[in-house]
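# Inside the fold
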Amino acid sequence: MPMTTSSPAPAATTNIDSMLKEKRVFKPTAKFSKEARIGTLKKYKKMHRASLRNPDKFWGKLAEDLSWFKPWKKVCVWKPPFAEWFVGGKLNASYNCLDRHLTGPLRNKAAIIWEGEPGEVVTLTYLQLHREVCLLANVLKKHGVKSGDRVMIYLPMIPEAVTAMLACARIGAPHSVVFSGFSAEALKERTNDCGAKIIITSDGGYRRGSALAVKANVDKALDGCPKVKSVLVVQRTKMETPMTPGRDFWLHEEAQTVNAVCEPAVLDSEHPLFILYTSGSTGKPKGILHTTAGYLLGCHTTTKYYFDLRPEDVYFCTADVGWITGHSYVAYGVLSNGGTSLIYEGAPNFPEPDRFWRLIDKHKVNIFYTAPTAIRSFIKWGDDWLAPHDLSSLRLLGSVGEPINPEAWIWFYEKIGGKRCPIVDTWWQTETGAHMIAPMPGATPMKPGSATLPFFGVDAAVVDDRGREVGPNVGGKLVIKRPWPSMLRSIYGDATRYRKTYWSEIPGVYFAGDGARRDKDGYFWIQGRIDDVLNVAGHRLGTSEVESALASHPDIAEAAVVGRPDEMKGQAVVAFVTLKNGVTASPALKESIRAHVGKEIGPIAKPDDVRFAEGLPKTRSGKIMRRLLKEVAASPNGIIHGDTTTLEDLNVLAKLKETGE
Ligand code: WT7
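Let me sum up the structure you'll find in this document. (Residues numbered from 1 in each chain as written. Predicted model: local features only at pLDDT ≥ 70, side-chain atom pairs only at ≥ 80, totals over all residues. Heavy atoms only, no water.)

Together, Lys-42, Lys-43, Lys-45, Lys-46, Arg-49, Arg-53 and Lys-57 make up a region of like positive charge exposed at the surface. It is helix α2 (residues 41-53) that provides the largest number of residues to the positive patch, a total of six residues. By the element assignment, Arg-49 lies in helix α2. (Patch = residues over 30% accessible without salt bridge, like charges linked within 9 Å, V, L, I, M, F, W, Y side chains within 5 Å. Areas by Shrake-Rupley, 256 points an atom, 1.4 Å probe, with all protein chains shown as cover. Salt bridge = Lys/Arg side-chain N within 4 Å of Asp/Glu carboxyl O. Lys, Arg positive; Asp, Glu negative; His and termini not counted. Charge placed at Lys NZ, Arg CZ, Asp CG, Glu CD. Helix = DSSP H or I, 4+ residues; strand = E, 2+ residues; numbered from the N terminus.)

Written out as structure tokens, the structure reads:
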């Protein structure tokens, strides 16, 4: 950039250079737009403007979609960084997800269709789910659980996971779901942090063909959780399960001892609904606190507008209830809209890599929401797995969890969506509770790799270090400039950490770690986590663009890039790549990969090292753990000191170290 003496200080050094230019644009089909709730970009823009001009009026109107026991007095009270929404209002989330559907045609409609990994199918209508929830709520009461008490839920993907959340919501006991694949240690830490006295779990669950013990982990955790008095156990596998008398109870036996009438508690809008822990890359897990009205409204409206959900749809979200996606888009948002949520218990590649396509065909799924990491696995496994299955019931696709690389986007669009389904690429976080940036499926022209435009009421911007908005295609920090209903209210028990983590980087605005740029149409392109940005010879490169360029090489299934300290350039680019099935690694392939990135992005991003890997280290929710790769890249002897407790598969790391050059 030319500098003159009269120019102000140079732009803050944190701007992220943007090099990858994705030019393709896909419009929703005329048919989809015609039938959608929002059918034109103009209508979306008008509503978005109105939502920012007068948020109270806008949200007040949308909140009429929920059922209230008592109307609110004030839509939003904002004492930065603490927000309250729908102050003075009273409602109940389980009432909104169940009871209100029982008086009309939804009464006997499927709320949940569940398929176990071994293949059995259980359907629960709204009436049946309501009964199960009331029974479990009464069992909780019998065990002394009162409004405000925290309840741990440690369950595999079985209907009881949703029943348990709603039963807690019914009596005003905030739940804290811990992913059932997490260790006893993780469960212990979270249980103690929120001071729960009761845990709902199961004997086991099925994964890749075997019954895995779940309750056994609870027993281990409870050695260090003195406050826990009762454990309620769902019988899923009937595997042998030791029970401690006086502490452990079979849920089906307990349910026999209570009746099926349980009135929903009348709760304040700001009554805590749940605490969900996010591990983050450093420090102890943060208990993200969400409350009732704002959170529910966020899930409800985004499900309605972004997924265009209709009562006749079968909707399939592949996320586990242990993540926020499973809370907002397997349970609350779908059920509050009277939708049908298909829940699958097991692995996507059991018994074969076509299990999802089989499920879609068999249950005639209309809406399918999954993650880029899963899509890249499907690509790697090969298209032959799709051929036998009829996917024509699908009408909308969704993506979440990381930036979707354009290669994966196009594959998803063509091969799964048959070029007729919009892809709703949803940017959001555990902390935001609901979608924040995504295309309106009937209105927003899609650009592969961009989450596009913000949701109603979301005042998003890309800023430099000093909080000044940057121009088109300049990368910076993605911030939200005002409160929104489904935002986290605090970190449980640590308001100081809440303020420091989210509201202090740039005073007065919310920042939770992502880099992004906006293009000339105002579209947001997420560049990855700011902590992972590479600094190569003075250029700051976001991980996602380089990884997208790598993944567009015909032989690459998945890629991750990290920086390695380099005397000359500051950092050198190290790429870890996994290859598509049937491709073999070779020095020539390395050169071809380097050349490919040079061509796609420019010489500056050419990896200095290309390392072939069998797999990449990921968290249990599918995110690549770049901090571990950084250590592998930088450490000559392959010694890793970093915390590996949230790693999905330790073997992956061991193998990576072996393949060091
Ligand atoms: C982080 C939040 C939100 C539910 C699942 C993950 C990344 C998420 C996208 C997307 C680009 C995305 C961000 C964000 N992320 N969705 N569509 N495009 N990046 O929840 O574990 O709280 O992670 O995931 O980096 O900050 P989470």
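The next subject is the environment of Phe-182. Structurally, Phe-182 can be placed in the loop between β7 (175-177) and α7 (184-194). Classification of Phe-182 as buried rests on a relative accessible area of 9%. (Buried < 20%, exposed > 50% of the residue type's maximum accessible area, 1.4 Å probe, protein only.)

Okay, the sheet that holds strand β24 (residues 510-518) next. Pairing between the strands of a sheet is mediated by backbone hydrogen bonds and can be parallel or antiparallel. Strand order in the open sheet formed by four strands is β21-β22-β24-β25, and the pairing between neighbours is antiparallel. Edge positions in the open sheet fall to β21 (460-463) and β25 (524-529), since each of these has one partner strand only. Within the sheet, the average angular offset between the axes of one strand and its neighbour, ignoring direction, is 45°. In this sheet, β25 lies alongside β24 in antiparallel orientation, the contact comprising five bridges. Residue pairing for β25: Ala-516 is matched across the bridge by Ile-526. Across the sheet, helix α16 (residues 543-551) touches β24 and β25, and the angle it forms with β25 is around 100°. (Pairing = 2+ DSSP bridges. Axes fitted to C-alpha atoms, helices over the stretch in contact; angles between N-to-C directions. Contact = heavy atoms within 4.5 Å.)

With that out of the way, let us pick up the pattern of salt bridges. Under the counting rule described, the total for this entry stands at 46 salt bridges. Salt-bridge contacts for Arg-358 lead to Asp-354; the nearest nitrogen and oxygen are separated by 3.3 Å. Arg-358 sits in the partly exposed class, given a relative accessible area of 44%. When its relative accessible area of 4% is taken as the criterion, Asp-354 is described as buried. The closest approach of N and O atoms between Arg-376 and Glu-558, which form a salt bridge, is 2.6 Å. Residue Arg-376 is located in helix α13 (residues 372-381), and its partner Glu-558 is located in strand β28 (residues 556-566); the two are separated by 182 residues in the primary sequence. Glu-558 shares its class with Arg-376; the two are buried.

What follows deals with the sheet that holds strand β16 (residues 314-317). An order of β5-β4-β17-β16-β18-β19-β20 is seen for the seven strands of this open sheet, with the pairing classed as mixed. Every other strand in the sheet has two partners, leaving β5 (121-125) and β20 (423-425) as the edge strands with one partner each. Each neighbouring strand pair of the sheet contributes to a mean axis angle of 20°, computed without reference to strand direction. Judged from the five bridges that link them, strand β4 (residues 110-115) and β5 form a sheet pairing that is antiparallel.

The full count for this structure, using the stated rule, is 42 aromatic pairs. Pairing Phe-316 with Phe-368 gives two aromatic rings, centres 5.5 Å apart and planes at 40°, and the pair type is tilted. Taken as a pair, Phe-316 in strand β16 and Phe-368 in strand β18 (residues 367-370) lie far apart in primary sequence, 52 residues in all. Exposure class is identical for Phe-316 and Phe-368. Each is buried. Aromatic ring contacts, followed pair by pair, group Tyr-44, Phe-58, Trp-59, Trp-68, Trp-72, Trp-85, Phe-86, Tyr-305, Tyr-306, Phe-455 and Phe-456 into a single cluster. (Phe/Tyr/Trp six-rings, centres within 6.5 Å; stacked < 30°, edge-to-face > 60°.)

Turning next to helix α18 (residues 626-634). A turn of α-helix holds 3.6 residues, and therefore any two residues three or four places apart point the same way. Within the span of α18, buried status applies to Arg-626, Leu-628, Leu-629, Val-632 and Ala-633. All buried residues of α18 fall inside an arc of 150° around its axis, so they share one side. (Arc of directions from axis to C-beta.)

For the ligand, the set of nearby residues contains 16 residues, the closest of which are Asp-425, Thr-426, Gln-429, Thr-430 and Asp-514. Between the ligand and the protein, one listed contact pairs a nitrogen atom with a backbone N or O atom of Gly-401 at 3.1 Å. Note that a nitrogen atom of the ligand is positioned 2.7 Å from one of the side-chain N or O atoms of Asp-425. Computed on the free molecule, the ligand has an accessible area of 550 Å², of which 88% lies beneath the protein chains in the complex. Only α11 (324-336) and β25 provide two or more residues apiece to the shell around the ligand. Among the residues making up the shell around the ligand, the classes are represented as six nonpolar, five polar and five charged. (Near = heavy atom within 4 Å. Polar contact = N/O pair within 3.5 Å; in protein donor to acceptor, adjacent residues only side chain to side chain. Nonpolar A, V, L, I, M, F, W, Y, C, P; charged D, E, K, R; others polar.)

Two strands pair when backbone bridges link them, and strand β1 (residues 74-79) and strand β2 (residues 82-87) are joined in this way by five bridges, in the antiparallel orientation. Each bridged residue has a counterpart across the sheet, and for Lys-74 the counterpart in β2 is Val-87. Remark: two residues form the turn of the hairpin made by β1 and β2, two consecutive strands paired antiparallel.

Inspection of helix α15 (residues 495-503) places Tyr-498, Tyr-502 and Trp-503 among the buried residues, and these make up the whole buried set. Mapping the buried residues of α15 onto a view down its axis gives an arc of 70°, with all of them on the same face. Across α15 from its buried face, at more than 90 degrees, point the exposed residues Thr-496 and Lys-500.

Function-wise, these values are silent; they only describe arrangement.
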